[in-house]
Amino acid sequence: MLRFIVRLAIYLGTAALALFIASLILPGFRLSVSGFLIAIGVFALAQSILTPFIVNMARKYAPAVLGGIGLVSTFVALLIASFFPGGITITGIDTWVLASLVVWLITALGGWLLPLLLLRGKLADPAPKK
């Protein structure tokens, strides 16, 4: 259970960092202070639900697309999060493309590196009983 909570915190933290960095470096990406928590929650929830769904759809109908699933699910999660008022505003096709790439890259790296750094040996599952 503790491992799940730590992974959830890592996921939400990397989503927050990715959205914040995207708002700093992309002129067409605005993230309001008042809607920051809502945007993070909506984005993280949408991303966690959409990724398995999009993987299954791609595996079934377009196997050549499987490598880009992270980018597609990030784009769709950003799109859904932008529908909620007071959170994320993205203008311009170039910003949509770059935002998807930046947010995907940061969340992918964070989701891969942080568990290795934070969970290594500290929250290891106990050895099975004989």
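Residues numbered from 1 in each chain as written. Predicted model: local features only at pLDDT ≥ 70, side-chain atom pairs only at ≥ 80, totals over all residues. Heavy atoms only, no water.

Caption draft 1: Local environment of the overall build of the chain. Looking only at helices and strands, the chain has four helices and two strands in total. Taken across its 130 residues, the chain has 32% of its residues classed as buried. When contacts within the chain are restricted to residue pairs at least 6 apart in sequence, those whose partners lie at least 24 apart make up 72%. Surface summary for the chain: the accessible area is close to 8200 Å², and the carbon and sulfur share equals 76%. (Helix = DSSP H or I, 4+ residues; strand = E, 2+ residues; numbered from the N terminus. Buried < 20%, exposed > 50% of the residue type's maximum accessible area, 1.4 Å probe, protein only. Contact = heavy atoms within 4.5 Å. Areas by Shrake-Rupley, 256 points an atom, 1.4 Å probe, with all protein chains shown as cover.)

Caption draft 2: Seen up close, the side chain of Thr-95. Tracing the chain through its elements places Thr-95 in helix H4 (residues 93-119). Residues contacting Thr-95, with those up to four places away along its chain left out, are Leu-26, Gly-28, Phe-29 and Ile-90.

Caption draft 3: Seen up close, the nonpolar core. With 27 residues, the main nonpolar core has Leu-19, Phe-29, Phe-43, Leu-78 and Ile-88 as its most contacted residues. Taken together, the elements giving at least two residues each to this core come down to helix H1 (2-25), strand S1 (29-31), helix H2 (36-61), helix H3 (69-82), strand S2 (88-90) and H4. Top element by residues in this core is H2. It accounts for eight residues. Apart from residues lying up to four places away in sequence, Leu-78 is in contact with Leu-19, Phe-29, Phe-43, Ile-88, Ile-90, Trp-96, Ala-99 and Ser-100. (Core = buried A, V, L, I, M, F, W, Y, C linked by side-chain atoms within 4.5 Å.)

Caption draft 4: Quick peek at the layout of surface pockets. Here the largest pocket defines a volume of roughly 220 Å³. Taken together, Arg-7, Leu-8, Ile-10, Tyr-11, Thr-14, Gln-47, Ser-48, Thr-51, Thr-107, Ala-108, Gly-111 and Pro-115 form the lining of the largest pocket. For the lining of the largest pocket, the secondary-structure elements that each account for two or more residues are H1, H2 and H4. Broken down by element, the lining of the largest pocket gets its largest block of residues, five residues, from H1. Its residues assigned to classes, the lining of the largest pocket comprises five nonpolar, six polar and one charged. (1 Å grid on protein atoms, 1.4 Å probe; cavity = no way out; pocket = protein on both sides within 12 Å on 5 of 7 lines; lining within 4 Å. Points joined across faces, edges and corners; volume = space filled by probe spheres on them. Nonpolar A, V, L, I, M, F, W, Y, C, P; charged D, E, K, R; others polar.)

Caption draft 5: Here's a closer look at a nonpolar patch on the surface. On the surface, a nonpolar cluster with roughly 750 Å² of combined accessible area is contributed by Leu-105, Leu-109, Trp-112, Leu-113, Leu-114, Leu-116, Leu-117 and Leu-118. By the element assignment, Trp-112 lies in helix H4. (Patch = residues over 30% accessible without salt bridge, like charges linked within 9 Å, V, L, I, M, F, W, Y side chains within 5 Å. Salt bridge = Lys/Arg side-chain N within 4 Å of Asp/Glu carboxyl O.)

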